[in-house]
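Coordinates in review
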2 protein chains.
Amino acid sequence: MNINLKSKYDARVKIIKAMAHSTRLFIVDELSKGERCVCELQEMIGDDFSTVSKHLTILKNAGLVLSNKRGNQVFYKIDATCACKIICCADNIIKNKLKSETKIAGLKTSIR
Amino acid sequence: MNINLKSKYDARVKIIKAMAHSTRLFIVDELSKGERCVCELQEMIGDDFSTVSKHLTILKNAGLVLSNKRGNQVFYKIDATCACKIICCADNIIKNKLKSETKIAGLKTSIR
DNA sequence: ATATTATATGGTAATTTTGCCAAATTGTCA
DNA sequence: TGACAATTTGGCAAAATTACCATATAATAT
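So, here is what we can say about the structure in this document.

Thresholds, definitions, all that
Residues numbered from 1 in each chain as written. Chains lettered and ligands numbered in written order. Predicted model: local features only at pLDDT ≥ 70, side-chain atom pairs only at ≥ 80, totals over all residues. Heavy atoms only, no water. Near = heavy atom within 4 Å. Polar contact = N/O pair within 3.5 Å; in protein donor to acceptor, adjacent residues only side chain to side chain. Helix = DSSP H or I, 4+ residues; strand = E, 2+ residues; numbered from the N terminus. Salt bridge = Lys/Arg side-chain N within 4 Å of Asp/Glu carboxyl O. Buried < 20%, exposed > 50% of the residue type's maximum accessible area, 1.4 Å probe, protein only. Least-squares fit on C-alpha atoms with pLDDT ≥ 70 in both. Contact = heavy atoms within 4.5 Å. Arc of directions from axis to C-beta. Nonpolar A, V, L, I, M, F, W, Y, C, P; charged D, E, K, R; others polar. Buried area = accessible area lost by both parts, 1.4 Å probe.

Lining the immediate surroundings of DNA strand C are 23 residues, of which Ser50, Ser53, Lys54 and Tyr76 of chain A together with His55 of chain B lie closest. In the model, a phosphate oxygen of DNA strand C is placed 3.3 Å from a nitrogen or oxygen of the Asp48 of chain B main chain. Contact distances for DNA strand C include 3.0 Å between a base nitrogen and a side-chain N or O atom of Lys54 of chain B. Looking at the surface near DNA strand C, the elements that each hand over two or more residues are helix 3 (38-45), helix 4 (49-61) and strand 3 (73-78) of chain A together with helix 4 (49-61) of chain B.

Following this line, the structure appears as structure tokens:
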């Protein structure tokens, strides 16, 4: 693959990889409801603080979320609304897959 | 995180992970233009046949593409059009990020 | 100043992903 | 049938990701 094309795909991959983890998807989902501080997210997720913090850094570096420090708390919010659309697309794909699987199951039944 | 919620996110992650690789993004992009056989994709990508084949298997298992054997060639095509939308979303995020970065650069210049 | 709270960073072991080679499979054609 | 072409699968080493602990940093309160 040529070098320019490769870097175009690498830029896209960076975004998509940032979302390719259940914790980070959860965070995006949660932030789509509104701003949350790290401690709120950590409590919901249950992982170590440092783990949650690193997930947030990945999302931030990818340009998906923004952080804002107030006092000694850091609040995160969605920067790219398209991140939510990506989740929506994933849900559509899951729905379609289930539909086509039941269709196949139905065909198999009707063959008997 | 509770177990049901976790599995909901895992299903989404499976889809997104399937797209989280530059070669696989390229394949989705290419297939969005039309059906392609493995050898065509392999030639464009340049990786080993087995590598390309494994990428295709990942996309197929995620429900993003379909395969169809004709003669001794296997043709792949897009199953989930939403896969293309995800790429589109990634592009939007990249565009916004560039925009906000130049805005910040502009502010810094105007401070001088 | 010092203790405390909230978050980020460095280091590291465990796990997952990747990509190549070799071998197996499937279909075509002589 | 046997040779060949296209694709997939198994095995494995290298690279990347993940999650924890310990430590560092920053803001607040005493």
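Next comes the rest of the write-up.
A few words on the pattern of salt bridges. Here the structure, examined in full by the defined rule, presents 10 salt bridges over all chains. Across the pair Glu35 of chain A and Arg70 of chain A runs a salt bridge whose closest N-O atoms are separated by 3.1 Å. With Glu35 of chain A in the loop between helix 2 (22-31) and strand 1 (36-37) and Arg70 of chain A in strand 2 (residues 65-70), the pair connects residues that are 35 residues apart, well separated along the chain. The partner of Asp91 of chain A in a salt bridge is Arg12 of chain B, and the shortest N-O contact between them spans 2.8 Å. Of the two residues, Asp91 of chain A sits in helix 5 (residues 82-111) while Arg12 of chain B sits in helix 1 (residues 3-19), which places them in two different chains. When its relative accessible area of 6% is taken as the criterion, Arg12 of chain B is described as buried. Among the charged side chains, a salt-bridge network with shared partners connects Arg12 of chain A together with Asp29 and Asp91 of chain B.

Here chain B sits on chain A after a turn of 180 degrees about the axis and a move of 0.0 Å along it, with an RMSD of 0.1 Å. Taken together, the rotation and translation relating the two chain copies correspond to the operation of a two-fold axis. Proximity to the rotation axis, assessed at the C-alpha, singles out Ile86 of chain B in chain B; its C-alpha lies 2.7 Å from the axis. Both copies present the same face, since 100% of the interface residues in chain B are matched by interface residues at the equivalent positions in chain A.

Before going further, it helps to spend a moment on helix 3 of chain A. Since there are 3.6 residues in each turn of an α-helix, residues three or four apart along the chain are aligned in direction. Residues and elements named next belong to chain A. Along helix 3, the positions that sit buried rather than exposed are Val38, Leu41, Gln42 and Ile45. Down the axis of helix 3, the smallest arc covering the buried residues is 100 degrees, so these residues share one side. Against the buried residues of helix 3 lie helix 2, strand 1, helix 4 and strand 3. At the exit of helix 3 stands Gly46, carrying a positive phi of roughly 90 degrees.

Surveying the vicinity of DNA strand D reveals 23 residues, the closest of which are Cys39, Ser50, Ser53, Lys54 and Tyr76 of chain B. Sugar and phosphate atoms represent 67% of those atoms of DNA strand D found within 4 Å of the protein. Between DNA strand D and Lys17 of chain A there is a distance of 3.3 Å, counted from a phosphate oxygen to a side-chain nitrogen or oxygen. With respect to DNA strand D, the side chain of Ser50 of chain A contributes an N or O atom lying 2.8 Å from a base nitrogen. The class makeup of the residues in the surface near DNA strand D is six nonpolar, 10 polar and seven charged.

This part covers the interface of chain B and chain A. Of the residues lining the interface, 40 residues belong to chain B; the matching set on chain A comes to 40 residues. Carbon and sulfur atoms supply 74% of the area buried between chain B and chain A, which totals about 3,300 Å² over both sides. Residue Arg12 of chain A pairs with Asp29 of chain B through a salt bridge whose shortest N-O separation is 3.0 Å. Mapped by element, the contributors of at least two residues to the side of chain B that touches chain A are helix 1, helix 2 (22-31), helix 3 (38-45) and helix 5 (82-111) of chain B. The element that contributes the greatest number of residues to the side of chain B that touches chain A is helix 1 of chain B, accounting for 13 residues. Class assignment of the residues belonging to the side of chain B that touches chain A gives a composition of 24 nonpolar, six polar and 10 charged.

Scope: geometric values only; no functional claims are made or implied.
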